[in-house]
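Examining the three-dimensional arrangement
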Amino acid sequence: MADKADYKATMNLPVTDFPMRANLSVREPDQLEFWERIGVYQRSLEVNAGGELFILHDGPPYANGHIHMGTAFNKVFKDLIVKYKTMRGYLAPYVPGWDCHGQPIEHQVEKNLGPEKMKTTTQAELRALCRDYAMKFVGVQADEFKRLGVRGDFEDPYLTLNHAYEAGNVRIFKAMFDRGMIYKGAKPIHWCVRCKTALAEAEIEYSDETSDSIYVKFEFTSRHELFSHLSEAVSIVIWTTTPWTLPANVAVTLAGAADYVGVRVGGEVLVMAEALVTAVAAAAGWSDYEVLPQRVKGAELAGLHYRQPIHAGVEGVIITGDHVELTTGSGAVHTAPGHGEDDYLVGRAFGLPMPMPVDDEGRFDVGGGPFAGLQVWEANPVIVEWLREQGSLVAAAKISHSYPHCWRCKRPVIFRATEQWFVSMDHAAPGVRPLREGAMDAIGRVEWIPGWAINRMSAMVGDRPDWCISRQRAWGVPIPVFSCVKCGETIANDTTFDAVIELFEREGADAWFIKAPAEYLPEGVACPRCGGTDLRAEDDILDVWFESGVSHTSVLDARPELRRPAELYLEGSDQHRGWFQSGLLTSVGAYDEAPFKAVLTHGFIVDGDGRKMSKSLGNVISPIDVVAKSGADIIRLWACSADYGQDISVSDEILDRTSEAYRRIRNTFRFLLSNLHDYTPADAVAWDDMLELDRYAMVTLADLVEKVSKAYDEWRFHMVYRSIYDYCVTDLSSFYLDVLKDRLYADAATGRERRSAQTVLAAMLSAMVRLVAPVLTFTSEEIWRFMPESMRDGAESVQLAGWPVVAVDEAEATRLRDAYAVVLAVKDEVTRALEFARAEGLIGKSQEAKVLVSAPASAVSILRDRGARALSDMLMVSEVELVEGQPVSPAPASVEVLVADGVKCPRCWNLRSDIGGDPAYPDLCSRCATVVTG
RNA sequence: GGGCCCGUAGCUCAGCUGGUUAGAGCGCACGGCUGAUAACCGUGAGGUCGAUGGUUCGAGUCCAUCCGGGCCCA
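Here goes a summary of the coordinates provided. Computed from a predicted model, the values in this text were never measured in an experiment.

Observations concerning the protein's contact with RNA strand B
Close to RNA strand B lie 51 residues, the nearest being Gly610, Asp643, Arg670, Ser733 and Trp909. Each atom of RNA strand B within 4 Å of the protein was classed as base or backbone; sugar and phosphate made up 78%. A distance of 3.3 Å is found between a sugar or linking oxygen of RNA strand B and a backbone nitrogen or oxygen belonging to Asp574. Mapped by element, the contributors of at least two residues to the surface near RNA strand B are helix H13 (453-463), helix H22 (652-674), helix H24 (717-746) and helix H27 (810-839).

This is the structure:
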């Protein structure tokens, strides 16, 4: 007679080397090395060589600094989609890209150089340094993305500084220029008069500055009827802190809906907002004034004219605008469209002229009238004095307020209109549909995910002003046009464009800054106006958004493995204003169609309280740290588990929860692997020979595959996560696998019962490892390599293994689902009853119990049909007695728990009444005796 | 200030076109098991559905306002 220890040796206990502890941060690099070795990206294209194309076009992150949680999330999302599509048989090339040009890099390089070195650095040298800087971070970020498990053509990514990419900008510029959508205009920008350069918003530092604060009256030359009876002079009163902008005044803007009144003071009438009369009176020190009873809306005064305050014989006009505030000043805003953002916008809306009497050095030209030759800062006190002499100064004081300064020289900057290039939203060549119209139309044809995104995009494109595409910088792609040195005429035609395209393709945009136009333009290119042949290349460069926007041409069209339009663009919600729009506008502008068939947007990454991450709040979580601590698969699982339609929270707690869920999934795989150690597909049991519970389990697996596939197809990735996770926990761990243990461990190793179970476990392993592969890219590969060769379907990597198919007969599936719904409902009641019995000390483990189940006849019949042994196995008790009866609603059954009669079998630990049937093994139950006998 | 969007248990999510006492898993508390063991099983306690009004026989679900948060503008 064998003792206890020997019986254990006769059991088929789980065996595996697959580690329970993931130790991802250490183990993940092994998979990276493996993918590198087999060239998994190329292989993913080869296996689907004839498949339908699926192009997810990567939006290029800026090549500056390390990745953050937002970039990590975005890239992981793209990767899981590409991997899913690959496994579904699509040919899904993925070419990562980087945005390499632009002000932030140039700014950083200039800061690194310092002002002294900067002075002796040529533009070409600066560009070379910027290139080095960008390339360094392309390398850094590429490594970080790869570490996250992202698969793609990192050998040959697209970079906006590549020659062919740069040439694509010219192709699009040419197409849009030829279609009459590009024009030269003027727009005010921040300008440093000392450095003689334009400044980007990021190059502005705000600090307090003392300025003049003056109220000035402009006398009406036409009167509103309300004031027509007055004999005195009537003037509008404006307030400004920049006296030097008065020579460029062309209008006064009022709030259309506000009330304006006349104030009689010192023998004249001054008009201002009623709400600000007191404030103006205080500033002017009026002791004796009279507010006239007539009130008039700002809108009613619109169209009146007044004497321009500086230039004799010139008139300005009253208009209305939304930007007029009634909290400071007089409610009448001096408007010089060349010297302010609001002024510019309102001026354009009203078709006002834009005089610009200030030159590069901040000096008035003849347009400055009496102040010609003065520099604007010198002019301020002179103008104030002059106004006083003219009698138009109502009040003057000094104020201290926040004012923009140049980051280089720390001097105050001015707003100054300069020549810029624009893309017109509403004008195009004859016969060409205007851009806005084409873009709105294209938006309607694109699939937007989530659905509300179309509203946002439509609103933005519907409202947006013309696109200013020129920048006064060095690090970028030049605006590809020329001007005539002799007469200043713009020269841009297909001949010059084509020559520039060829130049950029051959030598890159750097050549533009080194070579003279004559060196690359064909002979005979001459000014269409004066015939001059001395041409000058444009100084300005293109807005980087234009550059990244043209990736549809520079990348999708240019690379043989890709094509335009892409199936999908996928970025954060800020890209409605950014890349989605610049891609759309440049594509519609050139081709009259969108560059994408679908656009998926996700929210921003915020902390556990829903707040944005910032250094000052101290709530920043770095993906690099998470990878080092927990592993990339944890980030991937987290990304998949969130509902990306809204903002996505991340915190230590959330990541801890994610790690726990990960462990649960991992352990489920470990259980499957460990119980398949002695199984090969040749041992599979045919459907008709399988136990019923196992067939039911196959139904649940088929349901899971369908649910998960649908979730992927509908872009509902958190449903992928939830379905798989719930399946592991609910269907498998707490029911099927728990029930299966007795059969797996104690039944004959190669008997039908055990093989039937293993057939299901193998199907589960094979299907589930594929379902999770797009998300848990490292872990799934690790599992794949632990699977016996015979189960890997000839695929070296799970990424190349295709998508699972679990076929079940639908009629039988329905019968099983219905029957097991009853079984599971009863099992719930039984476990609850067992818990009470346990609390009373009646039983310990559930096998010590015998249960009396009382249920309606229909349920009893269903339970009975499963078979007595199957039923007690599923309920995990020693014996079940069924009684017809009415349970207390809403419970499906009432359950009574008794102590089981049997004796514990020392091998399978069940309480059995058939112990000792075999004289050779008098302590064993008959099943175990049979198994041990062999 | 404007446009778009979000706010259901400690966490992540379900709650379809408004209709019984708002669900799941995790976490937590308590218990079981010790042949998935730095695992596994069970029971239980947790929610004024951001707030306030309104429409309705009836609202987490519709409307308004407010509060909090995010992106993009100004």
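Examining the sheet that holds strand S29 (residues 879-884)
Across the sheet, three strands lie side by side as S29-S28-S30; this open sheet has mixed pairing. Each of the sheet's edge strands pairs with one partner strand only, and the pair in question is S29 and strand S30 (894-899). Across the sheet, the axes of successive neighbouring strands diverge by a mean angle of 20°, strand direction being ignored. Here strand S28 (residues 849-855) pairs with S30 via six bridges, running antiparallel. Counterpart to Lys850 in the pairing with S30 is Leu898. Sheet contacts for H27: S28 and S30; angle to S30, the most-contacted strand, approximately 45°. In this fold helix H28 (residues 857-865) packs onto S28 and S29, with an angle of close to 150° to the strand it touches most, S29.

Points about the packing of aromatic side chains
Counting across every chain of the model gives 36 aromatic pairs. Judged by centre distance (6.0 Å) and plane angle (75°), the ring pair of Trp448 and Phe596 falls under edge-to-face. Taken together, the residues span a long stretch of sequence, with Trp448 in strand S17 (residues 447-449) and Phe596 in strand S25 (residues 596-602) at a distance of 148 residues. Given the relative accessible area of 2%, Phe596 is considered buried. Clustering of aromatic rings is evident, with ring pairs tying together Phe73, Phe77, Tyr84, Trp638, Tyr644, Tyr712, Phe717 and Trp803. A cation over an aromatic ring shows up here: Arg147 above the ring of Phe778, its NZ or CZ 5.7 Å from the ring centre. Sitting over the ring of Trp191, Arg416 keeps its end group 4.6 Å from the ring centre.

Considering the pattern of salt bridges
For the structure on display, the rule yields 64 salt bridges. Taking the shortest distance from any N to any O, the salt bridge between Glu505 and Arg171 comes out at 2.4 Å. Linking Glu505 in helix H14 (residues 494-507) with Arg171 in helix H7 (residues 163-178), this pair joins segments that are 334 residues apart in sequence. Here Glu505 falls in the partly exposed class, since its relative accessible area comes to 38%. When its relative accessible area of 36% is taken as the criterion, Arg171 is described as partly exposed. A salt bridge links Asp441 to Arg433; the shortest N-O distance between them is 3.4 Å. By relative accessible area, which is 24% here, Arg433 ends up partly exposed. Among the charged side chains, a salt-bridge network with shared partners connects Asp742, Asp747, Arg869, Asp873 and Arg927.

What to know about the nonpolar core
Residues Leu148, Trp638, Phe717, Tyr736 and Met764 are the most contacted members of the largest nonpolar core, which totals 165 residues. In this structure, Met764 is in contact with Leu672, Ala697, Leu701, Tyr727, Leu732, Tyr736 and Val769, ignoring residues within four places of it in sequence. Residues Val170, Ile469, Leu535 and Val555 belong to the second largest nonpolar core, which totals 68 residues.

Parameters at a glance
Residue indices follow the written sequence of each chain, beginning from 1 at its first position. Written order determines the labels here, with chains lettered from A and ligands numbered from 1. In keeping with the predicted nature of the model, local features appear solely for residues at pLDDT of at least 70, side-chain atom pairs appear and are counted solely at 80 or more, and the whole-chain, interface and lining totals rest on all residues. Computation of side-chain values covers all heavy atoms of the structure but excludes hydrogens and water. By convention in these notes, a residue is near a molecule or strand provided one of its non-hydrogen atoms lies within 4 Å of it. Polar contacts, as used here, are pairs of N or O atoms within 3.5 Å; protein pairs need one atom able to donate a hydrogen and one able to accept it. Residues neighboring in sequence count only if both atoms are side-chain atoms. Helix and strand definitions follow DSSP, with helices as H or I runs of at least four residues and strands as E runs of at least two, each counted in order from the N terminus. Here, any two strands with at least 2 DSSP bridges between them count as paired. Angles shown run from 0 to 180 degrees and are taken between the N-to-C directions of axes, each axis being a line fitted to C-alpha atoms and, for helices, limited to the stretch in contact. Should any heavy atoms of two residues lie within 4.5 Å, those residues are counted as being in contact. Two rings belonging to Phe, Tyr or Trp (six-membered ring only in the last case) form a pair when the distance between their centres is within 6.5 Å. Interplanar angles under 30 degrees mark stacking, angles over 60 mark edge-to-face geometry, and anything in between is tilted. Here's how the labels work: a residue is buried when its accessible area is under 20% of the maximum for its type, exposed when over 50%, partly exposed in between, all with a 1.4 Å probe on protein chains only. The criterion is that NZ of a Lys, or CZ of an Arg, lies within 6 Å of the ring centre and within 35 degrees of the ring normal, and then a charge sits over that ring. A side-chain nitrogen of Lys or Arg and a carboxyl oxygen of Asp or Glu constitute a salt bridge if their distance falls within 4 Å. Take the buried Ala, Val, Leu, Ile, Met, Phe, Trp, Tyr and Cys residues and link them wherever side-chain atoms come within 4.5 Å; each set so joined is a nonpolar core.

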